[in-house]
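Examination of the molecular architecture
Residues per chain are reported as follows:
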Amino acid sequence: MKAKNNSTQVKIPENEAIPFDLYYITSTKKKEIPREDFKLEMDRYYGKGMIMDFYKDNSNMFYEE
Amino acid sequence: MPLIFSQEIDFPTNRVFDWLSFYDADYNKYTGLNLKDDFTFDDKKITISLGGIDKKNSIKVKDKNLNHIDLFPVWFRRPNKVSIPFTGDFKYESTYPKNLFSYAIKQRNTIFWDYLGNKLESNNHLGSFKTISLNKPIVLELAQKFGLTIPSTLITNSKDDLNLFFENNNHRIITKSIEEIIIDHKHYLNDEEYLHFYQITNLLESLDNTPSKFAPSLFQEYIDKKYEIRTVFFNNEFYSASVFTQINEDTKIDMRNRKANHFTRYMPYKLDSEIEAGILKLMNHLELNFGVIDFIKSIDNEYYFLEINPVGQYGDVSLYCNYGIHKKIAEYLIKNESKK
């Protein structure tokens, strides 16, 4: 039931000053969305109520007409 | 003219701007970072006069009198805690450490921003300048006091106590931040790829290979959920949505852990009146007129209060449940202006 986020654990040193949850910082490798595409999508979705997801790596918004 | 304190980029803020534009209403946005703002200063002349026999108080920026700001409705959507008023650098030669000196400057220079934020809280306002984050243990305790059920919670730096808590909760507990989650960070590997650092709530099904030494941290029992509930509290009204996070394996523990194009199902929801009454008492106690509140509805049909975010995202609830909260906020700001 563990969350599958394709992430790797970040190495945090064990120390009395570091809260437990910070040992669970995760990192995921992602691809940068070209700035021009980003702006195009912002323009396309602007004013439609909500802009979401186009920045996520598995979004197909950039490839659909 | 509504004054809106928000971040540089915040989509719900922009949707409210859309509605203000629709109604031909003027507005001003302040981020605390834009040096052209009235409320930040770089090379601007700023004068605040207080007291005296005639008790004549005034605020002037660039000789422009800002006293009329008392008249404006304010939306503290996501106010920055500090402004960055100065960009200039200077040569520093002293044996008093520069970092301490810089700290002293920063503290002093944010007083104006703080003064204005606090002053504007006496206007008709939505949200809070002072309270943009809450102390989780305090809120959990208050929620319990006002009749809400909270998950069994442990705050400890003792591995022994954590082990006992783990045993008592069927070897399934969650760890999440006692404060806010970490600030997201992008570490660029090259021009196209980066590592995205972030934090979500984690389920612990084993304490093997976990740290033996740690600072006081928050742990809660894992509750088997039927669904989650996200409630937007605004202007003494409740706008709730049931969020079906248990359908998708990724969102079972933390609803934010959702892939693009895998939408979570939301439905409009009406909380029980006793729960709403408890929340109302809690919000009044915290002097908040806006907040996004998270609950769990367990498979045993029990409501568990999780937390309040005074600057939480509400766009999902508004959009999926057709509540039109952006429009209502714009109308609230316009209505409060016309009252003056």
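Residues numbered from 1 in each chain as written. Chains lettered and ligands numbered in written order. Predicted model: local features only at pLDDT ≥ 70, side-chain atom pairs only at ≥ 80, totals over all residues. Heavy atoms only, no water.

Before going further, it helps to spend a moment on the overall build of chain A. Across its full length, chain A holds 1 helix and 2 strands. Reading the secondary structure of chain A in the N-to-C direction produces β-β-α. Buried positions account for 35% of the 65 residues belonging to chain A. Counting only contacts in chain A whose residues sit at least 6 apart along the sequence, the fraction spanning at least 24 positions is 11%. Accessible surface for chain A amounts to roughly 4,400 Å². Of this, 53% is attributable to carbon and sulfur atoms. (Helix = DSSP H or I, 4+ residues; strand = E, 2+ residues; numbered from the N terminus. Buried < 20%, exposed > 50% of the residue type's maximum accessible area, 1.4 Å probe, protein only. Contact = heavy atoms within 4.5 Å. Areas by Shrake-Rupley, 256 points an atom, 1.4 Å probe, with all protein chains shown as cover.)

Bringing the domain arrangement of chain B into the picture now. Residues and elements named next belong to chain B. We note that the domain assignment places domain 1 (3-130), domain 2 (133-151 + 223-310) and domain 3 (152-222) within chain B. On a C-alpha basis, the centres of domain 1 and domain 2 stand 32 Å from each other. Across the boundary between the two partners, domain 1 contributes 5 residues, which contact 4 residues of domain 2. With both chains or domains summed, domain 1 and domain 2 bury close to 440 Å², and 53% of this area falls on carbon and sulfur atoms. The interface formed by domain 1 and domain 2 holds 0 salt bridges in total. In this structure, the connection of domain 1 to domain 2 is made through 2 residue pairs in polar contact (both at pLDDT 80 or more). The residue makeup of the side of domain 1 that touches domain 2, split by class, is 1 nonpolar, 3 polar and 1 charged. (Domains from an automatic or database assignment. Buried area = accessible area lost by both parts, 1.4 Å probe. Salt bridge = Lys/Arg side-chain N within 4 Å of Asp/Glu carboxyl O. Polar contact = N/O pair within 3.5 Å; in protein donor to acceptor, adjacent residues only side chain to side chain. Nonpolar A, V, L, I, M, F, W, Y, C, P; charged D, E, K, R; others polar.)

Here we take up the packing of aromatic side chains. Centre-to-centre distance and the angle between the planes together describe a pair of aromatic rings. All names here are of chain B. Inspection of every chain in the model, using the stated rule, returns 23 aromatic pairs over all chains. Taken together, a centroid distance of 6.3 Å and an interplanar angle of 80° make the contact between Phe-90 and Phe-101 edge-to-face. Here Phe-101 lies in helix α2 (residues 98-109) and Phe-90 lies in the loop between β6 (74-76) and α2, a separation of 11 residues in the sequence. When the centroid spacing of 5.6 Å and the interplanar angle of 55° are considered together, the rings of Tyr-227 and Phe-244 count as tilted. Residue Tyr-227 is found in strand β14 (residues 225-234), and its partner Phe-244 is found in strand β15 (residues 237-244); the two are separated by 17 residues along the sequence. (Phe/Tyr/Trp six-rings, centres within 6.5 Å; stacked < 30°, edge-to-face > 60°.)

All names here are of chain B. Topologically, Glu-221 is positioned in strand β13 (residues 217-221). The side chain of Glu-221 sits in the buried core without any salt bridge; Arg-172 is the nearest counter-charge, 9.0 Å away. There is a polar contact of 2.7 Å between the side chain of Glu-221 and the backbone nitrogen of Ser-152. Sequence-distant contacts of Glu-221, defined by excluding residues within four places in its chain, comprise Pro-151, Ser-152, Phe-165, Asn-169, Arg-172, Ile-173, Ile-174 and Tyr-304. (Lys, Arg positive; Asp, Glu negative; His and termini not counted.)

The predicted coordinates ought not to be read in detail in places where the model reports low pLDDT. All names here are of chain A. Mean pLDDT over chain A: 66, with 42% of residues reaching 70 or higher. Considering each helix and strand of chain A separately, the mean pLDDT is smallest for strand β1 (residues 8-9), with a value of 52, and largest for strand β2 (residues 26-31), with 82. Below pLDDT 50 for its whole length, residues 1-7 participates in 25 contacts with residues either more than four positions away or in separate chains. (pLDDT = per-residue confidence, 0-100.)

Paired through their backbone hydrogen bonds, the strands of a sheet run either parallel or antiparallel. Residue and element names in this part refer to chain B. Pairing is parallel in the open sheet, where 4 strands are placed in the order β2-β1-β6-β7. Every other strand in the sheet has two partners, leaving β2 (28-30) and β7 (125-127) as the edge strands with one partner each. Recorded for the sheet is a direction-independent mean angle of 15° between the axes of neighbouring strands. Pairing of β6 with β7, which is carried by 3 bridges, proceeds in the parallel orientation. Residue pairing across strands places Phe-76 opposite Gly-127, the latter belonging to β7. (Pairing = 2+ DSSP bridges. Axes fitted to C-alpha atoms, helices over the stretch in contact; angles between N-to-C directions.)

With that out of the way, let us pick up the side chain of Ser58(B). Residue and element names in this part refer to chain B. Tracing the backbone through its elements, the reader meets Ser-58 in strand β4 (residues 58-61). Overall, the relative accessible area of 15% leaves Ser-58 in the buried class. The residues contacting Ser-58, other than those within four sequence positions of it, are Thr-47, Ile-48, Ser-49 and Asn-67.

What follows is about the pattern of salt bridges. Residues and elements named next belong to chain B. Across all of its chains, the model carries 11 salt bridges over all chains by this definition. Between Asp-224 and Arg-172 there is a salt bridge, with the nearest N and O atoms lying 2.8 Å from each other. You can see Asp-224 sitting in the loop between β13 and β14 and its partner Arg-172 sitting in the loop between α5 (159-168) and β9 (173-176), a full 52 residues away along the chain. Here the salt bridges do not stand alone but share partners, grouping Arg-230, Asp-294 and Asp-316 into one network.

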